[in-house]
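Architecture at a glance
Next come the chains, spelled out residue by residue.
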Amino acid sequence: MPKDNDTNYTKKDFVSDQEVKWCPGCGDYAILSAIQTAMTKIGRKREDIVFVSGIGCSSRFPYYMNTYGYHTIHGRATAVASGIKTANPNLSVWVITGDGDSLSIGGNHLIHTLRRNIDMNIILFNNQVYGLTKGQYSPTSVQGQITKSTPYGSLDRPFSPAKLAFGASATFIARTTDTNAKQIEAIILEAQEHRGTSFIEVYQNCVIFNDDCHSEYANKKTREDHSIILEQGKPMTFGNEIKKGLILDNLTLKVVKLGSSYNEEDCLVHDKTNEVLASLLVAMDANLSMPKLYGVIYAVKDVTYNDQVADQIAEIKKVKGEGDFNKLLNSGETWEVEE
């Protein structure tokens, strides 16, 4: 067991005494394990780490982490986490949420957290369905999806979480899958180092209500042909034996076969700091025939809300001093209520 002020943890140090209660085979187990391992590498003491969740299957997460945690109310995890981080900027704050929790009732809180660039981390589990409430369609369900609330198929156009985050001015956008523990860990570590809001979408399988929803680009047997692993400064190639690539053709992203007509040098090179490229990449989600992107899609530096608050308070104190709460409470118009 680590001593006080020691961060030399093992995974067991982040495993709580609570029984994990998810359905057998749920992708949440793999994500939990990967995050527990990643927490041993971020260099923070457990008492300085906080996990905050809303409502949903994924939102049981804080119970299973041996850190501080809050299980809050539906859709409000980002709002609570914003307050925690603003009040104590020294904490490492992690929001655990689902596609229903954060993109439906919590959509308003999510976009404003992203645009403010509060220095915290949001991990969105996306299984394209409401799992906890037994299988209704969610904001990320594909059109035509049969669920208990859409027996004849969903008519809604689904959200792309990455595209939504980009539109809300997120400064860090990444995607991974519950079948790739090493990539989850790597993205967690990069998110921890990022100053600002990091937004991580995790494709997660719901074995009960939406089984195999991501199988084509998450299954180890097929994902190479249907997904691109983004690496900074590396060409966007994919497929068995690297036979496919992504190019830009007349301002449109296009998949090509590598060989006689195209080679690796023709493919787009990933630059996570390029805003124009990021706008094209997040828009790929609308085209179901395109490969899915894994890794850090976009990451740029910008001022954080926390620093702005601290600077503003410091400037006001220079002018008005430390202040007196009792004086403030009794200032202005006051009155007494008599029985």
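Below, the discussion takes up the packing of aromatic side chains. Applying the stated rule across the entire model yields 10 aromatic pairs. Ring geometry for Phe51 against Trp94: centres 6.3 Å apart, planes inclined by 20°, an arrangement best described as stacked. Of this pair, Phe51 sits in strand β1 (residues 49–53) while Trp94 sits in strand β3 (residues 92–98), and the two are 43 residues apart along the sequence. We classify Phe51 as buried; its relative accessible area is 0%. Centre to centre, the rings of Phe61 and Phe125 are 6.0 Å apart; their planes meet at 90°, and the pair counts as edge-to-face. Within this pair, whereas Phe61 is found in helix α2 (residues 61–64), its partner Phe125 is found in strand β4 (residues 121–126), the two being separated by 64 residues in sequence. An aromatic cluster is present here, built from Trp22, Tyr29, Phe51, Phe61, Tyr64, Trp94 and Phe125 joined pairwise through their rings.

Turning to the pairing of strand β9 (residues 244–249), a few remarks are in order. Judged from the 2 bridges that link them, strand β8 (residues 237–238) and β9 form a sheet pairing that is antiparallel. By the bridge assignment for β9, Thr237 is matched with Gly245. Here β8 folds back onto β9 in antiparallel fashion, the turn holding 5 residues, of which Gly239 has a positive phi close to 95°. As judged from the 6 bridges shared by β9 and strand β10 (residues 252–257), these two strands associate in the antiparallel manner. The residue bridging Leu248 from the neighbouring strand is Leu253, located in β10. Connecting β9 to the antiparallel partner β10 that follows it, the hairpin turn spans 2 residues, and Asn250 within it adopts a positive phi of roughly 55°.

With that out of the way, let us pick up helix α10 (residues 275–282). Regarding α10, the residues found buried are Leu277, Ala278, Leu281 and Val282. Seen along its axis, α10 keeps its buried residues to an arc of 125°; they face one direction. The elements touched by buried residues of α10 are α6 (161–167), β9, β10 and β11 (292–299). Between the side-chain oxygen of the N-cap and the backbone nitrogen of Val276 there are 3.0 Å, and the N-cap of α10 in question is Asn274.

Quick look at empty space enclosed by the protein now. Scanning the model with the defined rule gives 1 cavity of 30 Å³ or more in all. The calculated volume of the largest cavity comes to roughly 50 Å³. Lining the largest cavity are Gly75, Arg76, Ala77, Thr78, Val95, Thr97, Asp101, Ser102, Gly106 and Leu110. Where the lining of the largest cavity is concerned, the elements lending two or more residues are α3 (77–87), β3 and α4 (99–105). In terms of residue class, the lining of the largest cavity is built from 3 nonpolar, 5 polar and 2 charged.

Over the atoms rolls a probe the size of a water molecule, and in doing so it shows where empty space is left. Approximately 500 Å³ is the volume attributed to the largest pocket. If you go around the largest pocket, you meet 23 residues; those closest to its centre are Pro158, Phe159, Ser160, Asp285 and Ala286. If you list the elements that add at least two residues to the lining of the largest pocket, you get α6 and β6 (198–203). For the lining of the largest pocket, the leading source of residues is α6, giving 3 residues. A breakdown of the residues in the lining of the largest pocket according to their chemical character gives 12 nonpolar, 5 polar and 6 charged. Within this model, the second largest pocket holds a volume of roughly 260 Å³. In this structure, the second largest pocket is lined by 14 residues; those nearest its centre are Ser227, Ile229, Thr237, Phe238 and Ile242.

Calculation notes
Residues numbered from 1 in each chain as written. Predicted model: local features only at pLDDT ≥ 70, side-chain atom pairs only at ≥ 80, totals over all residues. Heavy atoms only, no water. Phe/Tyr/Trp six-rings, centres within 6.5 Å; stacked < 30°, edge-to-face > 60°. Helix = DSSP H or I, 4+ residues; strand = E, 2+ residues; numbered from the N terminus. Buried < 20%, exposed > 50% of the residue type's maximum accessible area, 1.4 Å probe, protein only. Pairing = 2+ DSSP bridges. Arc of directions from axis to C-beta. Contact = heavy atoms within 4.5 Å. Polar contact = N/O pair within 3.5 Å; in protein donor to acceptor, adjacent residues only side chain to side chain. 1 Å grid on protein atoms, 1.4 Å probe; cavity = no way out; pocket = protein on both sides within 12 Å on 5 of 7 lines; lining within 4 Å. Points joined across faces, edges and corners; volume = space filled by probe spheres on them. Nonpolar A, V, L, I, M, F, W, Y, C, P; charged D, E, K, R; others polar.

So, to be careful, I would describe these as geometric facts and stop short of saying anything about function.
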